[in-house]
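One-letter residues, chain by chain:
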Amino acid sequence: MAKAKQPEGEIYYPSQQIIEQARLKDWDALAKFASKNLEEFWAKEASELDWYKPWDKVLDDSNKPFYKWFTGAQVNIVHNALDRHQQTYRKNKLALVWVGEDNSVRTYSYYALNREVSQFANVLRAMGLKKGDRVTIYMPRIPEIVIAMLACAKIGAIHSVVYGGFSVDSLQGRIDDSQSRMVITADGGFMNGKIVELKKTVDEALKRCPSVETVVMVQRTKHQVRMEPGRDYYYHELIKLPIANGKCATEIMDSEDPLYILYTSGTTGKPKAILHTHGGYMVGVYSTLKYVFDLNDTDRWWCAADPGWVTGHSYIVYGPLIMGATSFMYEGAPTYPYPDRWWALIEKYGITVFYTAPTAIRGLMRFGELWPRKHDLSSLRLLGSVGEPINPEAWKWYHRVIGNEKCPIMDTWWQTETGMFMITPTPVVPLKPGSGTRPFFGQEAEIVDEAGKPVPDGEEGYLVLNRPWPAMLRTVYNDPERYVQQYWSKYPGKYTTGDSAKRDKDGYFWIIGRVDDVIKISGYRLGTAEIESALVSHPAVAEAAVIGIPHEVKGSVIYAYCLLRSGYQATPELPDELKQHVATHLGPIGKPEQVTFVDKLPKTRSGKIMRRVLKARALGLSEGDISTLEE
Ligand code: PRX
């Protein structure tokens, strides 16, 4: 980094050892090359992977914003994640080390993982699933969620993973929207010493999901569940069938064929199904993981997210396996039975690279330094953060207490939609606590005002991305208009992120937060519209408005304002009842922290709720410009 201009402010420079170890030593040179030669850069990355048939064109932008990558190529992401390793020493390398909350341990070599994925893929094919069919996966953090995703992708089925923390309505809506033919689930999972009953939720949701023909259930907790004859099957029985042998041909896919959909909350209405494809996504997650977390054969990688979120899709399942890395996965809560569970696991399993979210750091910080200090964390060499801005205080604690001041922190900014890291350092980049530094190779981020004009450095504005990238979402599944409208219509030619940010004079980006009606609660993304519709589905509530209020650990919490239907009284029990109602419908993440009853909601003359005014009132701030308020 010697040639680069020295950045200003509080800087953490990488040590000589980090620089020597890093795969990529000269960040500036590669950034310059990729910026001038976007297609060449990505072609080179893609050429490090296996393709059944090479591409005719790297980037096809003839029908913007419906960009296509590696067109004409044939590939399957699973071929790169599993098949190709069977011909190398990696066949005998550990792909996955898994620990349950109850301390059960399971390990899979690349050989064993490939074998079980093949077995299950054979089952799926025998059950009539084929290329393009949708499968909903609703599972705890156990190896079978990885196996299920890979088995779907292997036969060309489109997986739609729904996070196991979501409840009936969210699950039902997502199954129905995707018209899934199958649901893969488990009886339950262990979390905080208790059983999370997933199968029960599936049974409830399926009362209103006629598209589903079959349910496959993994036995994890072994508690009593109902099995519907002719619909529900046990995973462990299926993979013992003769049809479930360990050899299965991987489906040959076009580069642009769908790999998965993943629902995420947006500004309006129902969550949208973000669509990712085999070819470009594969290259994007591979390349970002390689440069940013720099994994190699001596590493043990732990991405502590859930496979049910994009972080898990890209950096637990696909990225690490494509790289041939050894991943670690833990089922349960970081504080169970004590707040040192994660630190004990890092020590015991020799984790070298650890990736988590600011909310988890802040949560564990509260228990003090003694818990991590009880453990030898010296195996760690790199740390990572994702999901929301990391406040400098949490950054420094993470750096000092967990990383022993020697591990650079890769603060990676990205989204479900981007599929891969977009603003991120690599290990050799000087860091500023709280900044994700600069865009990834080939990308150009910009801060613009309402009219789309770049704002001066240091000023807040809307974060946009100017260049296409291979792991970009291709569309909103079954709703191309929404794709165009949501991401590409505000500033033609630029991708709208929905975030506000600043850039400093060193070109470092500082994310401030969402500017749309999306709330991030403990890093999870929920739309105000979803929470509000859960509230009004309660008989007592006529109208509801929710806002996100800053919270020390969770980042934000939900405050709800409800207008009661006539005939209903604001009893002292009603707030709790409504909180529980939302949790039952959406899952515990959506549970409001506070419910307040009001006679009237602030609205514009056209009837839009002015959440900004509610927020200002809740925080005791000035209500700002309220000239558009109804009265
Ligand atoms: O607001 C940004 C925030 O998370 C949003 C994307 O959420 P989701 O699609 O759930 O994906 C999260 C995991 C990739 C972004 O619009 N965000 C994500 N990472 C960061 C972040 N904010 C600040 N710093 C980050 N590193």
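Residues numbered from 1 in each chain as written. Predicted model: local features only at pLDDT ≥ 70, side-chain atom pairs only at ≥ 80, totals over all residues. Heavy atoms only, no water.

Chemist: What is the right way to look at the nonpolar core in this model?
Modeler: A general trend in soluble globular proteins is that nonpolar side chains are found buried together. With 122 residues, the main nonpolar core has Phe120, Leu150, Ile184, Phe293 and Tyr318 as its most contacted residues. Per element, the largest residue contribution to this core is 10 residues, and it comes from helix H6 (residues 143-155). Those residues within four positions of Tyr318 in sequence are excluded, and the remaining contacts are Ile77, Met149, Leu150, Ala153, His159, Leu259, Tyr260, Tyr281, Val285 and His313. In this structure, Ile175, Ala534, Val541 and Val546 belong to the second largest nonpolar core, which totals 36 residues. (Core = buried A, V, L, I, M, F, W, Y, C linked by side-chain atoms within 4.5 Å. Buried < 20%, exposed > 50% of the residue type's maximum accessible area, 1.4 Å probe, protein only. Helix = DSSP H or I, 4+ residues; strand = E, 2+ residues; numbered from the N terminus. Contact = heavy atoms within 4.5 Å.)

Chemist: What exactly am I supposed to notice about helix H19 (residues 611-619) here?
Modeler: Working note: α-helix, 3.6 residues per turn, so residues spaced by three or four point in the same direction. Listed in full, the buried residues belonging to H19 are Arg611, Val613, Leu614 and Ala616. Taken from the residues just after H19, Gly620 is the one with a positive phi, measuring 70 degrees.

Chemist: How do you make sense of the environment of Asp133 when you look at a structure like this?
Modeler: As for its position among the elements, Asp133 is in the loop between helix H5 (110-126) and strand E6 (134-138). The buried category is assigned to Asp133, whose relative accessible area is 8%. Expressed as a C-alpha distance, the spacing of Asp133 and Met182, which sit 49 residues apart in the sequence, is 8.9 Å. In this view, Asp133 contacts Gly128, Ala157, Ile158 and Arg181; residues no more than four positions away in its chain are not counted.

Chemist: Explain the pairing of strand E11 (residues 214-218) to me, please; I cannot follow it from the model alone.
Modeler: Within a regular strand, side chains alternate between the sheet's two faces. Counting buried residues in E11 gives five out of five residues, a clear majority hidden from the surface. In terms of strand pairing, strand E8 (residues 182-186) meets E11 through five bridges, oriented parallel. Residue pairing in the sheet places Val183 in a bridge with Val215 of E11. Pairing between E11 and strand E12 (residues 232-234): three bridges, direction parallel. Opposite Val216, over in E12, you have Tyr233 as the bridge partner. (Pairing = 2+ DSSP bridges.)

Chemist: How should I be thinking about the sheet that holds strand E29 (residues 555-564) in this particular structure?
Modeler: In a beta sheet, neighbouring strands pair by backbone hydrogen bonds and run either parallel or antiparallel. As summarised here, the arrangement of the three strands in space is E28-E29-E30, forming an open sheet in which the pairing is mixed. Strands at the two margins of the open sheet, each flanked by one partner only, are strand E28 (541-551) and strand E30 (594-597). For this sheet, the mean inter-axis angle between neighbouring strands, taken without regard to orientation, is 25 degrees. Where E28 lies against E29, 10 bridges are found, and the strand directions are antiparallel. Bridging from a neighbouring strand, Ala544 pairs with Cys562 of E29. Packed onto the sheet, helix H17 (residues 528-536) meets E28 and E29 and runs at close to 140 degrees relative to E28. Packed on one face of the sheet, H19 meets E28 and E29 and runs near 55 degrees to E28. (Axes fitted to C-alpha atoms, helices over the stretch in contact; angles between N-to-C directions.)

Chemist: Help me understand the pattern of salt bridges, please; the structure alone is not making it clear to me.
Modeler: A pair can form between side chains of opposite charge whenever their charged atoms are brought close. On inspection of all chains with the given rule, the structure shows 44 salt bridges. Among the salt bridges present, the one from Asp297 reaches Lys93, with a minimum N-O distance of 2.5 Å. In this pair, Asp297 sits in the loop between helix H10 (278-292) and strand E16 (301-303) while Lys93 sits in the loop between helix H4 (77-81) and strand E4 (94-99), placing the two residues 204 residues apart along the sequence. For Asp297, a relative accessible area of 39% gives the class partly exposed. On the basis of relative accessibility, which here comes to 11%, the residue Lys93 falls in the buried class. With its nearest N and O atoms 3.1 Å apart, the salt bridge here joins Lys207 to Glu204. For Glu204, a relative accessible area of 36% translates into the label partly exposed. Salt bridges here are not isolated pairs; linked through shared partners, they connect Lys199, Asp203, Arg226, Glu228, Arg231 and Asp232. (Salt bridge = Lys/Arg side-chain N within 4 Å of Asp/Glu carboxyl O.)

Chemist: Could you clarify how one ought to interpret the site of the ligand in this entry?
Modeler: Neighbouring residues of the ligand: 17 residues in total, closest Asp411, Thr412, Thr416, Arg514 and Arg525. The contact in question runs from a nitrogen atom of the ligand to an N or O atom on the backbone of Glu388, over 3.3 Å. Within the side chain of Thr416, a nitrogen or oxygen atom sits 2.6 Å from an oxygen atom of the ligand. Its free accessible area being 540 Å², the ligand has 96% of it covered by the protein chains. For the shell around the ligand, the secondary structure elements donating two or more residues are helix H11 (310-323) and strand E25 (509-514). (Near = heavy atom within 4 Å. Polar contact = N/O pair within 3.5 Å; in protein donor to acceptor, adjacent residues only side chain to side chain. Areas by Shrake-Rupley, 256 points an atom, 1.4 Å probe, with all protein chains shown as cover.)

Chemist: Which parts of the structure should I look at to understand the sheet that holds strand E23 (residues 475-476)?
Modeler: If you walk across this open sheet you meet the eight strands as E12-E11-E8-E6-E7-E14-E15-E23, and the pairing is mixed. Only two strands of the sheet have a single partner each, and these edge strands are E12 and E23. The sheet strands contacting helix H7 (residues 168-178) are E6, E8, strand E14 (258-264) and strand E15 (272-277), and the helix crosses E6 at an angle near 165 degrees. The strands touched by H10 are E14 and E15; relative to E15, the strand with the most contacts, the crossing angle is about 85 degrees.

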